[in-house]
Amino acid sequence: MKEICEYQRCFGCGLCADICAFGAIEMRPDAEKGHLRPVIDSSVCSDCGRCQKLCPANREPVYHENIITYAAWRTNPNQQRGSSSGGVAAAFYETAIDLEMVVAGTQQNSRMTASMKVCDSLEEIKSFRGSKYVQADTRGVYRKLTEALKAGKKVLFIGTPCQCEAAGSAAGRMQDALLTVDLICHGVPSEHMLLDYIAWVGAVKGKKVDSLSFRSEWGVEMRMFSSGKKIWERRMHWDYFLHLFNYGYIVNEACFGCPYACQKRASDITIGDFWGIGKAVPFEDPKRKVSVIGVNTEKGKKFLSKCKTLTLVEREWSEAVEGNSQLRAPQEKAPDHDLFWNTYRQEGLDKALRATVYDKVSARYKKEYPMVFLKSKAKKLLGKS
Ligand SMILES: Cc1cc2nc3c(=O)[nH]c(=O)nc-3n(C[C@H](O)[C@H](O)[C@H](O)COP(=O)(O)OP(=O)(O)OC[C@H]3O[C@@H](n4cnc5c(N)ncnc54)[C@H](O)[C@@H]3O)c2cc1C
């Protein structure tokens, strides 16, 4: 076999590698942007076609209309700590474990990038909290979830929409026992790019970065640490990686044509940030991060009714769609996307940044940071934080 799906459409979900009975497929970083993609060992491939048949990129999604929408957050504020948004995913995992389900989620690995994992204990799900804005390594996940389903277990799978589709495909006729919760998704940068950026920041700061996080109490914010000390703290519009991620440079090629970035959904439940809530219809702000939950199927509705640790306020799906561009369309390529990549391939990340986004992001940081810094100092002096 030469190709599993059309190259530009490959989500890098990893299903093909996991389900190949002959072990003929391996996920490896591609030469273009470093995203994981299947590589077939033709000396082992039996040409059975199973990978092509199950690949989510080879079929049209089956969409559901929204049934009901909620604004949601953890009722107990302590339980929301460490979560990126309203803590809905964490609450779902806890409910699922209570119901003796097996769950799948994404944790930060020892390389500071992301790996997906299947587990069934409260201890293990702690590491799933927090968004990691990078393509997750899904090795072994679909195989394990199928094994759990075959053993008669129910499975909760939370991931990007394409990973959810892959999970559904792996489950096949056992889909009734699988609950898929997709994240509203802006696309995924590659592990390769993230590691390169970490090394770049390390070089700028003259320190070795040994941990990082993508979200803070403020919101989307890149923080890097060296031996426990914070050496980098840049909010969304001040960080070069987050800017590249947000504005159409570094996500997987397939993300630019994502068939799931629309208001109809293919999963049982959709979760994300409830951006723009209250703009048109008043909303009493709980002074916390607020998630959106879109319920897409009766199965999803039944599961949500069992989750008792969330505060739910009914809203309109159209409100979520209005505030979240990835519920309307995939993200668009930046006009200088190709300039970034051509420079990157020939001269590396530093030159690619300087040829494209560096001046813009730096100028914004220099302009906005001093005011934010002074405000937070003043708050501290007045004992308000
Ligand atoms: C790459 C990416 C892009 C996103 N883009 C948007 C967007 O455009 N709009 C929007 O509203 N929301 C987006 N989100 C979702 C948002 O950042 C939160 O993850 C979501 O609201 C859940 O928050 P929570 O507090 O309920 O979950 P938490 O309790 O913080 O749990 C985090 C959940 O995210 C999963 N997760 C973390 N990293 C990854 C990853 N790399 N791949 C797959 N799953 C992962 C975890 O397994 C867990 O289920 C994105 C998330 C990711 C990972």
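The structure under discussion appears in the preceding block.
Anyway, here's the lowdown on the structure attached to this text. Note that this is a predicted model, so its numbers are computed, not measured.

Parameters and conventions
- Residues numbered from 1 in each chain as written.
- Predicted model: local features only at pLDDT ≥ 70, side-chain atom pairs only at ≥ 80, totals over all residues.
- Helix = DSSP H or I, 4+ residues; strand = E, 2+ residues; numbered from the N terminus.
- Rg over C-alpha atoms; globule rule 2.2 N^0.38 Å.
- Buried ≥ 20, exposed ≤ 12 C-beta atoms within 10 Å, placed from the backbone.
- Axes fitted to C-alpha atoms, helices over the stretch in contact; angles between N-to-C directions.
- Parallel < 35°, antiparallel > 145°, perpendicular 65-115°, else oblique.
- Left-handed = near helix turned anticlockwise from the far one by under 90°.
- Contact = placed C-beta atoms within 7 Å.
- Nonpolar A, V, L, I, M, F, W, Y, C, P; charged D, E, K, R; others polar.
- Near = placed C-beta within 6 Å.
- Pairing = 2+ DSSP bridges.
- Arc of directions from axis to C-beta.

### A word on the overall build of the protein chain
Next, step 1: The helix and strand tally for the protein chain stands at 14 helices and 13 strands.
Next, step 2: Relative to a compact globule of 385 residues, whose C-alpha radius of gyration would be 21 Å, the protein chain shows 21 Å and is just as compact.
Next, step 3: C-alpha atoms of the protein chain, sized along the principal axes, occupy 65 × 50 × 40 Å.
Next, step 4: Taking all 385 residues of the protein chain together, 44% fall into the buried category.

### Some thoughts on unusual backbone geometry
Both trends apply: most residues other than glycine have a negative phi, and most peptide bonds are in trans.
Next, step 1: You will see that Asp47, though not glycine, has its phi angle at about 65°, which is positive.
Next, step 2: Along the chain, the position of Asp47 falls in the loop between strand S2 (36–40) and helix H2 (50–54).
Next, step 3: The backbone of Lys287 sits at a positive phi, close to 60°, despite the residue not being glycine.
Next, step 4: For Lys287, the location among the structural elements is in the loop between strand S11 (269–273) and strand S12 (291–295).

### Observations concerning the packing of helix H6 (residues 141–150) against helix H7 (residues 161–171)
Next, step 1: Running from N to C, H6 and H7 point in directions that differ by 45°, and their axes come no closer than 9 Å. With respect to H7, the element H6 is oriented oblique. Note on packing geometry: the crossing formed by H6 with H7 is right-handed. Of H7, the residues touching H6 (which contributes Tyr142, Leu145, Thr146 and Leu149) are Ala166, Ala167, Ala170 and Ala171.
Next, step 2: Residues of the contact of H6 with H7, tallied by class, amount to seven nonpolar, one polar and no charged.

### A look at the site of the ligand
Next, step 1: Inspection of the region around the ligand gives 33 residues, with Ser83, Ala89, Gly105, His186 and Gly272 positioned closest.
Next, step 2: Where the shell around the ligand is concerned, the elements lending two or more residues are helix H4 (88–98), strand S4 (102–108), strand S6 (155–159) and S11.
Next, step 3: For the shell around the ligand, the per-class residue count stands at 14 nonpolar, 16 polar and three charged.

### Side note on the sheet that holds strand S10 (residues 229–235)
Next, step 1: Spatial strand order, S8-S9-S10: three strands in an open sheet with antiparallel pairing. The strands lining the two open edges of the sheet, one partner per strand, are strand S8 (211–215) and S10. Ignoring which end each strand starts from, the neighbouring axes of this sheet average 15° apart.
Next, step 2: Inspection of the sheet shows strand S9 (residues 220–226) paired to S10 by six bridges, in the antiparallel sense. Within S10, the position partnered with Glu221 by the bridge is Arg235.
Next, step 3: Here helix H8 (residues 191–205) sits on the sheet and contacts S8, S9 and S10; the angle it forms with S10, its principal contact strand, is near 115°.

### Some words on H6
Next, step 1: Every buried residue of H6 is accounted for by Val141, Tyr142, Leu145, Thr146, Ala148 and Leu149. One side of H6 carries all its buried residues, which in axial view fall inside an arc of 160°. Those residues of H6 that are exposed and aimed more than 90 degrees away from the buried face are Glu147 and Lys150.
Next, step 2: Here the buried face of H6 lies against helix H1 (15–19), S4, strand S5 (114–119), S6, H7 and strand S7 (178–183).
Next, step 3: The positive-phi residue at the C-terminal boundary of H6 is Gly152, with phi of around 90°.

Any functional reading would require information beyond the geometric quantities listed.
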